[in-house]
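Spelled out from the first residue to the last, the chains are:
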Amino acid sequence: MIPSKSTNLTKLYLPYHAYINHYDHSFRIEELAEIANMSVSSLHRHFKEVTAMSPIQYQKQLRLQEARRLLLTESADATEAAFRVGYESPSQFSREYSRMFGFPPREDIKRLRA
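Quick notes on the rules
Residues numbered from 1 in each chain as written. Predicted model: local features only at pLDDT ≥ 70, side-chain atom pairs only at ≥ 80, totals over all residues. Heavy atoms only, no water. Salt bridge = Lys/Arg side-chain N within 4 Å of Asp/Glu carboxyl O. Buried < 20%, exposed > 50% of the residue type's maximum accessible area, 1.4 Å probe, protein only. Helix = DSSP H or I, 4+ residues; strand = E, 2+ residues; numbered from the N terminus. Contact = heavy atoms within 4.5 Å. Core = buried A, V, L, I, M, F, W, Y, C linked by side-chain atoms within 4.5 Å. Arc of directions from axis to C-beta. pLDDT = per-residue confidence, 0-100.

## Some details on the pattern of salt bridges
Taken as a whole, this structure holds 8 salt bridges when the rule is applied. The residue Glu-74 makes a salt bridge to Arg-69 at a minimum N-O spacing of 3.6 Å. Take Glu-74: its relative accessible area is 38%, and that puts it in the partly exposed class. Taking relative accessible area as the criterion, Arg-69 reaches 37% and is therefore assigned partly exposed.

Put into structure tokens, the structure is as follows:
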């Protein structure tokens, strides 16, 4: 029997939920596949079907969006925001933030507040 799309979506709920609620935790893809009761390749394929991103890209997007929220609403600095959302390197955070939002954190927040 071929698994239905709804069955695969149901299986993805747990890893998706883990990312949403624990975006600051570094998950190994094998952990997520085990949570979903899927192989690593199946998890990648089905996750990408649902989100249009790989699990790693999805986690990065969640982290960066939360960091942006922290910078805007809690007046956190970039280093604090980076650590709070799970980055271990502020410089890596700044590079990825700039790639996603088009500006470094300080400049982006200044622009958004203007």
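## So, the side chain of Ser-54
Structurally, Ser-54 can be placed in the loop between helix H3 (40-51) and helix H4 (55-73). Residue Ser-54 is classed as buried on the basis of its relative accessible area, which comes to 15%. Once residues lying within four places of it in the same chain are set aside, the contact partners of Ser-54 are His-44 and Phe-47.

## Things to note about the nonpolar core
If you look at the biggest cluster of nonpolar residues, it comprises 13 residues, and the most contacted ones within it are Leu-64, Ala-81, Tyr-87, Phe-93 and Tyr-97. Elements supplying a minimum of two residues to this core: H4, helix H5 (78-84) and helix H6 (90-101). No other element matches the 4 residues that H4 contributes to this core. Not counting the four nearest positions on each side in its chain, Tyr-97 is found in contact with Leu-64, Arg-68, Leu-71, Gly-102, Phe-103, Pro-104, Pro-105, Asp-108 and Ile-109. Ranked by size, the runner-up nonpolar core spans 11 residues in total, among them Leu-32, Leu-43, Phe-47 and Leu-62.

## A look at helix H2 (residues 29-36)
Residues of H2 that are buried: Ile-29, Leu-32, Ala-33 and Ala-36. One side of H2 carries all its buried residues, which in axial view fall inside an arc of 100°. Note on H2: the residue one or two positions beyond its end, Asn-37, has a positive phi of about 60°.

## Description of the confidence of the model for the protein
For the protein, mean pLDDT is 84; residues scoring 70 or higher make up 80% of the total. For the protein, the element scoring lowest by mean pLDDT is helix H1 (residues 5-21), at 59; H6 scores highest, at 97. Every residue in residues 1-6 is under pLDDT 50, and counting partners more than four places away or in other chains gives 2 contacts.

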